[in-house]
Amino acid sequence: MIDHYDWAGGREAMLCFGPDTGPVVVAALPLFEEANRTRAFVVTILRALAERGIASALPDLPGTGESLLPTEAATMLRLREAYQAAAQRFADRGTYAVSLRSGTLLDALGDVRGRWHLTPQTGSELLRELTRIKQAEVGETPKLRGYWYLDSSLPEESADPPVAIAGNLVSAELLTDLGAAIPFDGEQLRTVRLETDPKPADLKAPGSPLWRRAEPDNDPTLAELLAVDIAAWVRTCEG
């Protein structure tokens, strides 16, 4: 079902799945192009959760999906505030964050009972990836000021313009904020990684990283496995 939520910057669309009662999982996709590569996969997980009686929501955050806010107007604070507002829609039912990759940077302000993270990515790790992408685009090491790229023809006192990276206009403020952004690390946190990931996790799952593929793809088998884990985790948290 297509629904919506309101936040300080306006109204955004939100997909909702599952029953009208009980706890709600609120999903956060990765930032930038990885969101396009993993959206179908996350929707498959949420539909599998609905089959197990767990409700969920996938909000479009500012500057993403069908949002009317331009991509270059998105900042870390706006993204986090919007996620918080989306989760607040279901506060009377109890909410849980399910976040993928750099989406784990966005649920920090959410008033949720627990967080389930798949292959969490720090802001500095994402920034390094964006650096490599931009370097490949320009064919050389781009000029840096702080954490962001600027046209070398601009005077030093100029306001920092948005930066075009892989077809996305990204604000200098967001790029700066990424340098210090880290995923939530506290109580009621479950971390899941793929078996090929050497970092520690509560669960290692078989599968390949869809976010690394050149085109959007899906993995229904992995989605089903993760939905089973999320459903069991939510029910354990609920007691």
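Residues numbered from 1 in each chain as written. Predicted model: local features only at pLDDT ≥ 70, side-chain atom pairs only at ≥ 80, totals over all residues. Heavy atoms only, no water.

(A) Layout of the pairing of strand β4 (residues 55-59). The buried count for β4 comes to five of five residues, which makes it a mostly enclosed element. Judged by which residues are buried, β4 turns out to be covered on both faces: A55, A57 and P59 on one side and S56 and L58 on the other are all buried. Here strand β2 (residues 10-17) runs beside β4; their pairing, made up of four bridges, is antiparallel. Along β4, the bridge assignment pairs C16 with A57. In this structure, strand β3 (residues 24-28) lies alongside β4, joined through three bridges in parallel fashion. For V26, the partnering residue across the bridge sits in β4 and is A57. With helix α1 (residues 33-51) bridging β3 and its parallel neighbour β4, the resulting β-α-β unit is right-handed. (Buried < 20%, exposed > 50% of the residue type's maximum accessible area, 1.4 Å probe, protein only. Helix = DSSP H or I, 4+ residues; strand = E, 2+ residues; numbered from the N terminus. Pairing = 2+ DSSP bridges. Right-handed = clockwise from strand over helix to strand, strands pointing away.)

(B) View of the packing of aromatic side chains. One pass over the full model with this rule turns up one aromatic pair. For the ring pair Y96 and W233, a centre distance of 5.4 Å and an interplane angle of 75° mean the geometry is edge-to-face. A residue pair is termed long-range when its members are at least 10 positions apart, and Y96 in strand β5 (residues 95-100) and W233 in helix α5 (residues 220-238) qualify at 137 residues. Stacked on the ring of F90, the Lys or Arg R89 has its end atom at 5.5 Å from the ring centre. Positioned over the ring face of F184 is R115, at 3.9 Å from the centre of the ring. (Phe/Tyr/Trp six-rings, centres within 6.5 Å; stacked < 30°, edge-to-face > 60°. Lys NZ or Arg CZ within 6 Å of the ring centre and 35° of its normal.)

(C) Quick look at empty space enclosed by the protein. If you walk through the whole model with that rule in mind, you get one cavity of 30 Å³ or more. Lining the largest cavity we find A28, V42, I45, V98, S99, L100, W116 and L118. Among the elements of the structure, α1, β5 and β6 (114-118) are those that each provide at least two residues to the lining of the largest cavity. Ranked by residues supplied to the lining of the largest cavity, first place goes to β5 with three residues. Partitioned by chemical class, the residues of the lining of the largest cavity number seven nonpolar, one polar and no charged. (1 Å grid on protein atoms, 1.4 Å probe; cavity = no way out; pocket = protein on both sides within 12 Å on 5 of 7 lines; lining within 4 Å. Points joined across faces, edges and corners; volume = space filled by probe spheres on them. Nonpolar A, V, L, I, M, F, W, Y, C, P; charged D, E, K, R; others polar.)

(D) Layout of the nonpolar core. Of all hydrophobic cores here, the largest spans 34 residues; its most connected members are Y5, F32, L175 and L178. Those elements giving two or more residues to this core turn out to be β1 (2-7), β2, β3, β4, α2 (76-88), α3 (123-138), β9 (163-165) and α4 (172-178). No other element matches α2, which puts seven residues into this core. Of all hydrophobic cores here, the second largest spans 32 residues; its members include V43, L49, W211 and A223. (Core = buried A, V, L, I, M, F, W, Y, C linked by side-chain atoms within 4.5 Å.)

(E) Highlighting the sheet that holds β6. Pairing within the open sheet is mixed, and its eight strands lie in the order β1-β2-β4-β3-β5-β6-β11-β12. Every interior strand has two partners, whereas the edge strands, β1 and β12 (203-205), have only one. Between one strand axis and the next, the sheet turns through 25° on average, direction left out of account. Bridge analysis of β3 against β5 gives five bridges, and the strand direction is parallel. Paired with A28 across the strands is S99, a residue of β5. Packed onto the sheet, α1 meets β2, β3, β4, β5 and β6 and runs at close to 160° relative to β4. Packing of α5 onto the sheet brings it into contact with β3, β5, β6, β11 (189-194) and β12, and relative to β6 it is tilted by some 160°. (Axes fitted to C-alpha atoms, helices over the stretch in contact; angles between N-to-C directions. Contact = heavy atoms within 4.5 Å.)

(F) Representation of the pairing of β3. Counting buried residues along β3, five of its five residues qualify, which places the element largely inside the surrounding structure. Of the two faces of β3, the one holding V24, V26 and A28 and the one holding V25 and A27 are both buried throughout.

(G) Representation of the packing of α1 against α5 within the structure. Look at α1 against α5: their axes get within 8 Å of each other, and the N-to-C directions meet at 50°. Taken together, the axes of α1 and α5 lie oblique to each other. Crossing of α1 against α5: the hand is right-handed. Every residue of α5 that contacts α1 at F41, T44, I45, A48 and L49 is listed here: P220, L222, A223, E224, L226, A227, I230 and A231. When grouped by side-chain class, the residues that make up the contact of α1 with α5 number eleven nonpolar, one polar and one charged. (Parallel < 35°, antiparallel > 145°, perpendicular 65-115°, else oblique. Left-handed = near helix turned anticlockwise from the far one by under 90°.)

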